[in-house]
Amino acid sequence: MGRAEDEVVQLTSELIQIDSCNTGELETTTGEAEAARYVDALLREVGYETEIVESGAPGRDNVFCRLEGADRSRPALLVHGHLDVVPFNAEEWSVHPLSGAVQEGYVWGRGAVDMKDMDAMILALARQFKAEGTVPPRDIVFAFLADEEAGGAYGSHWLAEHRPDLFEGCTEALGEVGGFSVTLGEDVRVYPVMTAEKSIAWMKLRVRSRPGHGSMVHDENAVTILSEAVARLGRHRFPLTLTESVQGFFDEVTKLTGIEFPTDSAAALDGAVAKLGGVARVVGATTRDTANPTMLQAGYKANVIPSTAEATVDCRVLPGRQEAFERELDEILGPDVEREWIRNLPAVETEFSGELVDCITAAVQAEDGDARTLPYMMSGGTDAKAFEQLGMRCFGFAPLRLPPDLDFTALFHGIDERVPVDALHFGVRVLERILKTC
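In this text, all values refer to a predicted model and were calculated from it rather than measured experimentally.

How each quantity is defined
- Residues numbered from 1 in each chain as written.
- Predicted model: local features only at pLDDT ≥ 70, side-chain atom pairs only at ≥ 80, totals over all residues.
- Heavy atoms only, no water.
- Pairing = 2+ DSSP bridges.
- Helix = DSSP H or I, 4+ residues; strand = E, 2+ residues; numbered from the N terminus.
- Expected span 1.5 Å × (residues − 1).
- Buried < 20%, exposed > 50% of the residue type's maximum accessible area, 1.4 Å probe, protein only.
- Arc of directions from axis to C-beta.
- Contact = heavy atoms within 4.5 Å.
- Phe/Tyr/Trp six-rings, centres within 6.5 Å; stacked < 30°, edge-to-face > 60°.
- Lys NZ or Arg CZ within 6 Å of the ring centre and 35° of its normal.
- UniProt positions renumbered as here; feature names shortened; annotations may be inferred.
- Axes fitted to C-alpha atoms, helices over the stretch in contact; angles between N-to-C directions.

**A short note on the sheet that holds strand S19 (residues 418-420)**
For step 1, the next point in the chain: The three strands are arranged S4-S5-S19 in an open sheet whose pairing can be described as antiparallel. Bordering the open sheet on either side are strand S4 (102-103) and S19, each of which pairs with just one other strand.
For step 2, the next point in the chain: Pairing geometry for S4 and strand S5 (residues 106-108), over two bridges, is antiparallel. Its bridge partner being in S5, Gln103 is matched across the sheet by Tyr106.

Listed below in structure tokens is the structure:
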């Protein structure tokens, strides 16, 4: 067992114990700076020259270092992870979410899979490479980032806009979410590589109408008009649209398992996707756009009909679908509903091909000979959106070999988040092979 494999479990546990919950509010998000200082100290300990960068607001700290490669003329590789996590309700958990407990073969706590496990793997390998004098084929930029869980306005997007020099020479990026094994049937194991992700498009809806007394007949009630529009949108099913990444996923699964994915019927396709088990909740969301109402705000007194009512909708749009999606939105909502984007980060997609993809596949098969890699689209969004704007091809691959019966996708932002100890060791070995050969 190498140095990185030996210390990755401890690093994962210690990172989890740092409360870096991102509430989405500047005044209540405080732990990223502590996590950044932890990472910075461990990188400096083995000889890196690091830079801590505050991204647009106090405490939103990011850590960067560069490991020079053998061929400085080659484009560099960005390897990135985010240090923030989503909040939690500790009363719902079997162990405390900040315990970093190592028990029953798992490391437990908030961030165990999203994504302090990958942070620990990156950190452990960066330390090992520097301590042992490893020279990778090309420059590697290691980045540990703030604010991913709130869209990256005070993290990757600020950095891409204000400090592009930190990413000098980088043409490819490796980060979340992918690389976890999925067992199909009894013995077919695949490792999805994220080659695409839907947009993050958070929308505010607003209806303005005539206020009045709650005891009177009132046929222009803003709350009623908005509620009816929100209900129409929430029940709407957008059309099936298969992008290159999703079609590639289906084609490979069909080759491996014989499962057919018919596209002439939404119900038939949904039924086929359901056969994929836990990963179906992610894959199913990438066959169409979605628009889920999440918040409602209206009124200030029980007997007053308000003049305005508002709703927030979480929209996730497929690559190439933005214009068509907005036209469909307007038809559903009608002329009385105003809409505005409060966060609109575009979808991204790249091809499942190239030297880095070949290195990923070779590294996986060196550790798990019967496994296959295949492309997939993530239903959410990551820091890849910022780096794609800088011209990078972005891939999500945080390698973990998982027990077939573990519903891994349910652990993202979920209760009792945990990662297998053996999977962390496996991940370090695979990631090490990738970084030494890419």
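**Some remarks on helix H10 (residues 355-367)**
For step 1, the next point in the chain: Compared with an ideal rise of 1.5 Å per residue, which puts 13 residues at 18 Å, H10 spans 19 Å between its outermost C-alpha atoms and is within 8% of the ideal.
For step 2, the next point in the chain: Along H10, the positions that sit buried rather than exposed are Leu356, Val357, Cys359, Ile360, Thr361, Ala363 and Val364.

**Re helix H7 (residues 266-274)**
For step 1, the next point in the chain: Of all the residues in H7, the buried ones are Leu269, Ala272 and Val273. In a view along the axis of H7, the buried residues occupy a sector of 100°, so they form one face of it. In H7, the exposed positions angled more than 90 degrees off the buried face are occupied by Ala267 and Ala274.
For step 2, the next point in the chain: Lining the buried residues of H7 we find helix H6 (244-257) and helix H8 (280-283).

**Considerations on the packing of aromatic side chains**
For step 1, the next point in the chain: Counted according to the given criterion, the structure contains ten aromatic pairs.
For step 2, the next point in the chain: Residues Phe180 and Phe408 carry aromatic rings whose centres are separated by 5.2 Å and whose planes lie at 40° to one another, so their mutual orientation is tilted. With a gap of 228 residues between them, Phe180 in the loop between strand S7 (170-175) and strand S8 (182-184) and Phe408 in the loop between strand S18 (393-396) and S19 connect regions that are remote in the sequence.
For step 3, the next point in the chain: Exposure remark for Phe180: the relative accessible area of 6% places this residue in the buried category.
For step 4, the next point in the chain: Taken together, the aromatic side chains of Phe64, Phe167 and Phe387 make up a single cluster linked through ring pairs.
For step 5, the next point in the chain: The aromatic ring of Tyr48 is capped on one face by Lys130, whose charged end is 5.1 Å from the ring centroid.
For step 6, the next point in the chain: The ring of Tyr106 has Arg418 lying over it, and the distance from NZ or CZ to the ring centre is 5.4 Å.

**Some details on the UniProt feature "domain: Peptidase M20 dimerisation" (unreviewed entry) in the protein**
For step 1, the next point in the chain: In this structure's numbering, the residues bearing the UniProt feature "domain: Peptidase M20 dimerisation" (unreviewed entry) are residues 196-333.
For step 2, the next point in the chain: For the annotated span residues 196-333, helix accounts for 38% and strand for 24% of the residues, and the straight-line distance between the end C-alpha atoms is 29 Å.

**Regarding the sheet that holds strand S10 (residues 200-208)**
The strands that make up a sheet are held in pairs by hydrogen bonds between backbone atoms, and each pair lies either parallel or antiparallel.
For step 1, the next point in the chain: Strand order in the open sheet made by the four strands is S12-S14-S10-S15, with antiparallel pairing throughout. The open sheet has two free edges, formed respectively by strand S12 (290-298) and strand S15 (338-345), since each of these has just one partner strand. Taken over all neighbouring pairs, the strand axes of this sheet differ in orientation by 20° on average, direction set aside.
For step 2, the next point in the chain: In this structure, S10 lies alongside S15, joined through seven bridges in antiparallel fashion. Opposite Met203, over in S15, you have Trp341 as the bridge partner.
For step 3, the next point in the chain: Packed on one face of the sheet, helix H5 (residues 222-235) meets S10, S12 and strand S14 (308-316) and runs near 15° to S14.
For step 4, the next point in the chain: Helix-sheet contacts for helix H9 (residues 322-333) involve S10, S12, S14 and S15, and the interaxial angle to S15 is about 150°.

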